[in-house]
Every structure is written in structure tokens, then in C-alpha cells.
Amino acid sequence: MWRDCCGERFGQQPRHAVAPERRNASVNAPERVIETSERAERIVVRGLVQGVGFRPTVWRSAQHHGLRGTVANDGDGVVIHVSGEACALEDFVTALRTDPPPLARIDEIVRGPCEITIYADDFRIVESRATHVTTGVLPDAATCSECLHEIFDPFSRRYRYPFTNCTHCGPRLSIIEAIPYDRARTTMAHFRMCPSCTSEYGDPQDRRFHAEPTACHACGPRVWIERADGKAVAVHAYTMMDDVDAACTLLQRGHIAAIKGLGGFQLACDATHGAAVARLRELKRRGGKPFALMARDAGVIRRYAEASDEELALLASAAAPIVLLRAAAERLPESVAPGVATLGFMLPNTPLHHLLLKRMTRPIVLTSGNLSDEPQCIANGDARQRLGGIAEFFLMHDRDIACRVDDSVVAVSAGEARILRRARGYAPAPLRLPAGFETAPPVLGMGGELKNTFCLLREGKAILSHHMGDLEDAYTFADYESSLRRYQALFEFSPAVIAIDAHPEYLSSKHGRDLAETQGRTLIQVQHHHAHIAACMAENGLPLDSAPILGVALDGLGYGADGTFWGGEFLRANYRDFTRLATFKPVAMPGGELAVYEPWRNTYAHLMAEMGWAHFTMNYAELDLHDFLVKQPRALLDDMIKKGVNSPPASSCGRLFDAVAAACGILRESVSYEGEAAIRLEALVDEKTLEEEDEILAYPFSIPRLNVNNLPYIEPFAMWQALLGDLILKTPVPVIAARFHKGLAIVIVRMVDKLSRYESVEEPVRTVALSGGVFQNAVLMEQVVKRLRALDFTVLTHRQAPTNDGGLALGQAAVAAARAAHSSL
Ligand SMILES: [Zn+2]
Ligand SMILES: [Zn+2]
Ligand SMILES: [Zn+2]
């Protein structure tokens, strides 16, 4: 970085400065060295600095410090040419650093001598240059406090205006149709600004200076309410105010409403109204998945859930995600979140939501407006058609949604906030990649199959897309393809390399293969768990050429390098390669996919793999688990397992959780979403047993070696004996759940410790990365992290990228970039 001491002069002498005294000085004495401490600099600010009101902030600060020059956006970031008193200049740079606009993220400020002449005697915002702007698309941001104040101020011209926003808040990704980001290329294009809005938009002193979606009652989008059955709504029967307030009354009366939110339609009902919640669940065919909730303020949330200061700050942040909170004393109906210990709460994130909930002293269920696993509706006509059978009323508006964006989900575990679903408020903010990635060719990571995202990697940054959902659904896959095209256009991105999962049947892999073929790109396959670990390495800043670390990847299922299913893996990995050092015990999944949705199949397969039916009957015939299994088609299953028909072996940690949960009687027969039984098992864990009980009672696992490949593996036989024994003793399930979690954490850490010392051929490895969907389990995560740290391991975990398959694309891109960089050397 360029530095200068006070008093030295840089830049050319101005020849035609406007101020008379300067004009005299420069014209009359061009050769004379100015004796004051005048100085000129070129300052480049990089990071998230465009479209966040950065230029007006710079402008105001320059005015304040009496500086001359210009500020502009270009492909590099924000470029400032500035001259003035050296000390004022120092203060100006300090202010940029310490007091940027709320949505800005400064990655670096580079200062250098000014190569252009600064003539003017004022400071001006100049138009963006025609270079390619890389940071033009930002996440949507929740309503800021100033806008909030306006919408509740009866004397403001934006009183109760549901589309109020400024440069510090409002929609971005959800309304952008093309770049560069300006109003003409958003869905606000056909709303012509009124004179008042126009003057704010053009005034650098106003916080709406170049706020592209700015609008008001006079010129912007409108909201109205309509009935699903097409009959007219007598709004005055519900309110003395407006249609938004009428919707509030309808919710209070137990109706289900569809609301056009920021990134898609949402379905809402009073969360305390048991019948309404149950009806919504049934009509939406939601199964057992918890509903998200919204409350007007922290006070309402705190009646139903515990929230730490950190969690409250997350709720109130510009991203305004759904935050998973521990349910508190005052209970909501069971149908809000059946069988889980947490509630997913968010605060209003748009003026529309603030206005809707103003009079509502109870939380509402606010879930995406869709049927089952389909993507949510974004167009009015589509919503009327698809949601007409669920909602009785629609709160509609006439601003189109350009890009479907779900709500984000965050949870605090092991002391840190972790994004579990990255969407509204976070995507598409780029993640800065560690050293070495700047020179890698552009890579597109296609993601996996479930909870899918994709990733654009270029110039040392990774843009992880918003969450799109499970690609098994045809609508979701269509949405994935169109989002992929949008992102590539918005970021002017053209990959040299396409990275896919090794699973041949993933739709994302097939699509990536097609793209690579038709566009002539290099295709790189990345093993599922290697991608998980690489994603964790990348977000924790490990450089491209860093030494191998130990990776613990625990999840449902991923395609293994040997063609079998993996899902509980211990790898030694750098970005380019990995070695599988150890695994969970491979156990058959009788029925294949069916075993994911019928947990008892896993229990049966595990018991047969460990002890066989005779042993089980001899020792545990009195258990109701035995009664249950007797009634199942055992002969058929035995045959399938024996012949290896539709019973792939899987070393899956997720399936082990299912097996244990079903053994304890939790959702034995069927679950409505993957991992539901495991999530309920976690919810039951008795804290006291976890924290206080002697470790000797934690269920034991052993670490023998597999016959086929001599790999050490986690053998659950002893665990099953202890667990079944506890079931006979009628030990409460919460105690069993705690002993299982603790025992599993102990053996995972024991395995890591062993591998770090015995299995590593070179230096002992002291860094461990934890990834995979199972680490969404906060109890297991906290137990493992705590125990690894106690042994002085450096533990890497996910915060920005989801630990589940939503983070996979980042890892694929990182691996492919590392391989591509290496091969070109
Ligand atoms: Zn605002
Ligand atoms: Zn207006
Ligand atoms: Zn996975």
C-alpha cells in the first residue's frame, strides 16, 4: 500500500482550478511547490460498496472535510480522486473505514498517488464508467430504522407506504432483471417517479440518492386485498385504515392469507390459532416440517422463545433471517413445529410486513407460498391458481418479483451464528476466498441434489447462489436452471471449468455435464464429502496450497469414490485431493430410498448387521421394538439384504441417527422429510444427562478395521447393546438420546485423535474441519467441538456457507479451481 507523510505533494498541479485564489496560484506559479500541506490521492475502496449509498457517503464526508475531487463506481470498486489538506485527507480515509454506509462491507482501501489533475473546487459524484462492474448485485435488505420511522409517522409523505426504501434498505436481487443495477433494469422500471421522489433521487444529501427502487404513494406500486373465490372484499368491514390493515384483521380472525412478500408469495395465519395452523399444514401438504414464524417485535418473540443478545441481533440485522430459537414456556400449538425443540422466528423485513403486524400482538405462521416441495409462487396469476385452494385472501401488489428468493435460516450453535439456508439477505453477497484463488480460472459449481445452490467462483471470490430446494421436484429443477442463467447474466460470468458431484444420477451433475459438452468447458467431478470439507476450508480462509487437514463429513448419503454410498467419513484432504482414512460402519439400506422415509428399516438393518435376529429375540423379546419388527416383512428384507437387491450398503451417519430414533419409538414407521426422526431425537436430549452424567454411561462404540479395505470404522455394536438394555430398563428416552449423542461425539473425537497421530504419513495433523448435514445437530456439534478443542485441535466449522448440501457448490468450485490452477502450472 502506498503511504505518504503529511506535507508531501502528489499529483499534477491544477492548471484551471475554479476558485480565484487557486487559479492565481496555479496559473501564475505552475512550477512552484505548494508550501501548504495540500495533497492529492487516488483511493480505491473494494468490497460490497456499490448500490449501498457509498458515493453519497463519500460525498458528504468530502464536503465535511473540505476536500475537492470526484467519486465514481468502476469495475474495481469505488474510485475516489481527492485533494486537500493532508490532515483532512487522513481524517476522511479514517471516516470511510469507521463509518461506511450500513450495507457496505469494505474489504480493502488502497491509496496511491493521483494520476489525474483535479481542477474543480468542489467534490462531485461522477457517473459510473463503462467498465465491467462486478459487484452490482446485492442481497435484499430489511427496512432500516429511518424508513421504519417514516412509515409510522402520520406527517410523513410515506405514512403507511408499503414499498418505502432507501439506499440503506430495500429490495435488490429480487427485483433486478439485468445489469448494471439501475431502475430501468428492475421491476420498478414502469413506475415513473413523481417530482418529490425524483428530487430526492438526485440529491446527494438525501439518503434516497440513487436509491433505485425508491417510490411513494403518488408514484409507486400499490397493495390491495382480494378474495380467493373472486368475490369483492368489503375492506371497511375489517379496518378503518387500508387493505394491509384489513389483512391483519383477517389473520386475527383465523383466516389463511397469501401475502406477496419480497422474494415470493407467503402463506400466513395466526400462529396461536391451532385450527388455522392445522388447516394450513394439511392444505399445503406440509407433512411434519416446522413452520417459520414472524412477530412484530422482540417482545412478542420472547413470550414464545428464548433469545440471546446475539440471536436478537441476528433477527434485527439487515439480512433479517429466520433464527432458530429454543421454545419457551408459553407454547404455540404443536402443529406449528411438531416434535422439535426450536421455533424459527423472524422479524418483519419489509414495510409491508411491518404494517401488517403493527396491531398483531401474537406471532403469525409465515411460510413459503407453495405446495409441498414446489418452489414458491412469484407471479400474481400463478399464485391465484396454485394457492387458491389454500388461502382465503390474497394481499397482492403490482411490483413484479424478478427472482424467487426464500427466507434464510440461521442458528447459533457452539457459540457462533451459522447460516443453514442462505437466501434472502445473504445471497448473492460474494464470499472472499483465501490466498491463491485469485488466479484460478472461473469455475461454476453445480451443487448436489437436495437443498441445492450453485456457485460462481472468479477472481478470488465465490458467489454462492440463494437456496433453491430439492431438485427432485421438476418445478424446482426448472427454477434452478433459470436462476443459473440469471446469475451468469447478472454477473457476466462465463465458466472455464464446470464442477459437478460424482453422483451420476444427480440432475445437477447431468445438467453440468450437458453444459460442459455443449459449451466446450472442462468438466471436473468432485466427490461429495471432499466438497463438503473443501467448502469448510474455503470459508475458513485456508490458502489454496495449504497442507492437508482432517475432515469429518457426516451426512445422509453421498456417492463414494468406490461407487458405494458414503455418509460418515474421515478424510485427509487438501483442496485438490483427499484420502479416506476412516468411516462409519457400512450397513444395508433395505429398500434404498424407502429407508430414508421409513426409519425402522434402518433399525432393522443395523440390528441384523450387529447381532442377527436370534440374538435380538433371545435378549430383547420383551421390547415393543421387537413386537414392531416381528410384524414387518422380515423375510423379504432379509432376502433383499442377503442378495444385495435394492439394499445398498451405506456408511451413513444420518441413517444411524434414524435407526436409533426409530429404536426409541420416535417416528418408527415413516417421516415426512429426510432426517425428521433424527431431528426429533435431538430435540429430546436431556441437558442434565449431557452435561452432568458420568461419561462412563455414554454409549460405547469401538474402532475396529473393515475386512475389505482395512479402514478403521466406527462400530456401533456395543452402543446397540447399551441402548437396548436401557430400553429394557425403561430408561427415559431423553436420557437415551443424551447418552447416544455424547457417546457418538466421544468416538468421533477418539477417531480424529487416533487418525491425527497414527494415520498421517507426514506431519501430525492438528486442524479438523467439520461438515455435512448431520452437523446441523447443535448437540452433536457442540459436543464434538468442545472435545476436539480440549485436545488442542484447531476446529473449522461453517458459518457463512451451509454445513448441509447447500454449501456443496462452494466446495466443488474450490476443489475444481485448485485442480485447474495446479494442472496449468
Ligand atoms: Zn431505508
Ligand atoms: Zn413518488
Ligand atoms: Zn452431503
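This text follows the structure it describes.
It should be emphasised that the depicted structure is a prediction, and the values quoted were computed from it without experimental measurement.

Parameters at a glance
- Residues numbered from 1 in each chain as written.
- Chains lettered and ligands numbered in written order.
- Predicted model: local features only at pLDDT ≥ 70, side-chain atom pairs only at ≥ 80, totals over all residues.
- Heavy atoms only, no water.
- Helix = DSSP H or I, 4+ residues; strand = E, 2+ residues; numbered from the N terminus.
- Rg over C-alpha atoms; globule rule 2.2 N^0.38 Å.
- Buried < 20%, exposed > 50% of the residue type's maximum accessible area, 1.4 Å probe, protein only.
- Contact = heavy atoms within 4.5 Å.
- Areas by Shrake-Rupley, 256 points an atom, 1.4 Å probe, with all protein chains shown as cover.
- Lys, Arg positive; Asp, Glu negative; His and termini not counted.
- Charge placed at Lys NZ, Arg CZ, Asp CG, Glu CD.
- Pairing = 2+ DSSP bridges.
- Axes fitted to C-alpha atoms, helices over the stretch in contact; angles between N-to-C directions.
- Left-handed = near helix turned anticlockwise from the far one by under 90°.
- Nonpolar A, V, L, I, M, F, W, Y, C, P; charged D, E, K, R; others polar.
- Donors = N, O, S within 2.8 Å, 3.2 Å for Na, K, Ca; no water.
- Patch = residues over 30% accessible without salt bridge, like charges linked within 9 Å, V, L, I, M, F, W, Y side chains within 5 Å.
- Salt bridge = Lys/Arg side-chain N within 4 Å of Asp/Glu carboxyl O.
- Tetrahedral: all angles 85-135°; square planar, octahedral: opposite > 155°, others 65-115°.

Chemist: Got a sec to walk through the overall build of the protein? Specific residues and values, please.
Modeler: Secondary structure assignment for the protein yields 26 helices and 30 strands. Radius of gyration (C-alpha) of the protein: 29 Å, near the 28 Å computed for a compact globule of 825 residues. When its C-alpha atoms are laid out on the principal axes, the protein stretches across 105 × 75 × 55 Å. Across the 825 residues that make up the protein, the buried fraction comes to 60%. Intrachain contacts of the protein at a sequence separation of at least 6 include 73% that bridge at least 24 residues. In the form shown here, the protein has an accessible surface area of approximately 31600 Å², with 52% of it arising from carbon and sulfur atoms. Between the centroid of the 88 positive side chains of the protein and the centroid of its 100 negative side chains there is a distance of 2 Å.

Chemist: Give me the sheet that holds strand β18 (residues 443–445): which residues, what numbers.
Modeler: The strand order β17-β20-β19-β18-β21-β22 describes an open sheet built from six strands, whose pairing is mixed. Only two strands of the sheet have a single neighbouring strand rather than two, namely β17 (431–432) and β22 (522–526). The sheet contact formed by β18 and strand β19 (residues 455–458) spans three bridges and is antiparallel. Paired with Leu444 across the bridge in β19 is Leu456. Contacts from helix α13 (residues 507–519) reach β18, β21 (497–501) and β22 within the one sheet, and its direction differs from that of β21 by about 160 degrees.

Chemist: Go over the pairing of strand β8 (residues 265–270), please, and point to the residues and values.
Modeler: Among the six residues in β8, six count as buried, and that is most of the element. Where strand β7 (residues 257–260) meets β8, four bridges bridge the pair, whose relative direction is antiparallel. Directly across from Ala257, in β8, lies its bridge partner Ala268. Taken together, β7 and the strand that follows it, β8, pair antiparallel across an intervening segment of four residues. Relative to strand β13 (residues 364–368), β8 runs antiparallel, the two sharing five bridges. Note on β13: the bridge partner recorded for Asp270 is Ile364.

Chemist: Tell me what's going on with the packing of helix α17 (residues 612–620) against helix α23 (residues 717–728), and back it up with residues and numbers.
Modeler: Following both chains from N to C, one finds α17 and α23 inclined at 30 degrees, their axes separated by 11 Å at the closest point. When the axes of α17 and α23 are compared, the crossing they make is right-handed. Judged by residue contacts, His615, Phe616, Asn619 and Tyr620 of α17 engage Gln721, Leu724, Gly725 and Ile728 from α23. Within the contact of α17 with α23, the residues separate by chemical class into four nonpolar, four polar and no charged.

Chemist: Quick rundown of the coordination of the zinc ion (ligand 2)? Include the residues and the values.
Modeler: Within the protein, Cys194 (SG), Cys197 (SG), Cys216 (SG) and Cys219 (SG) serve as the donor atoms for the zinc ion (ligand 2), at 2.3 Å. Every donor residue of the zinc ion (ligand 2) comes from the same chain, spaced as C-x2-C-x18-C-x2-C. Of the two residues, Cys197 sits in helix α5 (residues 195–201) while Cys219 sits in the loop between α5 and β6 (223–227), which places them 22 residues apart along the sequence. Judged by its relative accessible area of 0%, Cys197 falls in the buried class. Note on Cys219: relative accessible area 8%, which makes it buried.

Chemist: Please set out the side chain of Ser756 residue by residue, giving values where relevant.
Modeler: The topology assignment puts Ser756 in helix α24 (residues 733–759). Of the residues examined, Ser756 reaches a relative accessible area of 1% and is grouped as buried. Ser756 has contacts with Leu550, Pro764, Val765, Arg766 and Phe793, leaving out every residue within four places of it along the chain.

Chemist: Would you mind going over a nonpolar patch on the surface in detail, with residue names and values included?
Modeler: Taken together, Tyr159, Met240 and Met241 make up a surface patch of nonpolar side chains, about 370 Å² in accessible area. For Met240, a relative accessible area of 86% gives the class exposed.

Chemist: Give a detailed account of the coordination of the zinc ion (ligand 1), specifying residues and quantitative values.
Modeler: Expected angles at a metal are 109.5 degrees for tetrahedral coordination by four donors and either 90 or 180 degrees for octahedral coordination by six donors. Coordination of the zinc ion (ligand 1) by the protein comes from Cys144 (SG), Cys147 (SG), Cys166 (SG) and Cys169 (SG), over a distance range of 2.3 Å. Classification of the site at the zinc ion (ligand 1) as tetrahedral follows from its four donor atoms and the range of 104 to 118 degrees in their angles at the metal. Spacing between the donor residues of the zinc ion (ligand 1) along the chain follows C-x2-C-x18-C-x2-C. Remark: Cys166 occurs in the loop between α4 (145–151) and α5 and Cys144 occurs in the loop between β5 (123–125) and α4; sequence separation between them is 22 residues. On the basis of relative accessible area, Cys166 is assigned to the buried category, the value being 1%.

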